[in-house]
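# Understanding the architecture of this molecule
So you can see what is in the structure, the chains are spelled out below.
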Amino acid sequence: MQFVIDVVKSRVRDLVGRIQGLVPNARVGFVIYKDRGDDFTVRMSALSFHADKLQTFLSSVNAGGGGDYE
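This text gives an overview of the structure that appears in the document.

Quick notes on the rules
- Residues numbered from 1 in each chain as written.
- Predicted model: local features only at pLDDT ≥ 70, side-chain atom pairs only at ≥ 80, totals over all residues.
- Heavy atoms only, no water.
- 1 Å grid on protein atoms, 1.4 Å probe; cavity = no way out; pocket = protein on both sides within 12 Å on 5 of 7 lines; lining within 4 Å.
- Points joined across faces, edges and corners; volume = space filled by probe spheres on them.
- Helix = DSSP H or I, 4+ residues; strand = E, 2+ residues; numbered from the N terminus.
- Nonpolar A, V, L, I, M, F, W, Y, C, P; charged D, E, K, R; others polar.
- Buried < 20%, exposed > 50% of the residue type's maximum accessible area, 1.4 Å probe, protein only.
- Arc of directions from axis to C-beta.
- Contact = heavy atoms within 4.5 Å.
- Polar contact = N/O pair within 3.5 Å; in protein donor to acceptor, adjacent residues only side chain to side chain.

Once that is clear, we can look at the layout of surface pockets. If you roll a probe as big as a water molecule over the atoms, it shows you where there is empty space left. Approximately 480 Å³ is the volume found for the largest pocket. M1, I5, I32, Y33 and V61 are, among the 23 residues lining the largest pocket, the residues nearest its centre. Looking at the lining of the largest pocket, the elements that each hand over two or more residues are α1 (2-22), β1 (31-33) and α2 (51-59). Considering every element that reaches the lining of the largest pocket, the biggest residue donor is α1, with four residues. Of the residues contributing to the lining of the largest pocket, the split by class is 13 nonpolar, four polar and six charged.

Okay, here's the thing in structure tokens:
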């Protein structure tokens, strides 16, 4: 899963730009899910017009924990 997270981190500016190209006043946010028993189950960013704020939120996201059945 880390490889997917890394791709999103590296392309968040492009993603936000494409969405706002379609809907200029669109705000974008992320929802992060983990397994029960990990340090959190759900974490959300605030909706934002700015890719920088989303990049900051994503900088602390890493795959980890798990060990349960897929």
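Taken together, the buried positions of α2 are A51, L54, F57 and L58. The buried residues of α2 occupy an angular sector of 120° when the element is viewed end-on, so they sit on one face. Those residues of α2 that are exposed and aimed more than 90 degrees away from the buried face are K53 and T56. Packing partners of the buried residues in α2 comprise α1, β1 and β2 (42-44).

Here we take up the side chain of S45. Along the chain, S45 turns up in the loop between β2 and α2. Residue class for S45 comes out buried when judged on its relative accessible area of 16%. Polar side-chain contacts of S45 include one of 2.8 Å to the backbone nitrogen of F30. Setting aside chain neighbours within four positions, we find S45 in contact with G29, F30, L54 and F57.

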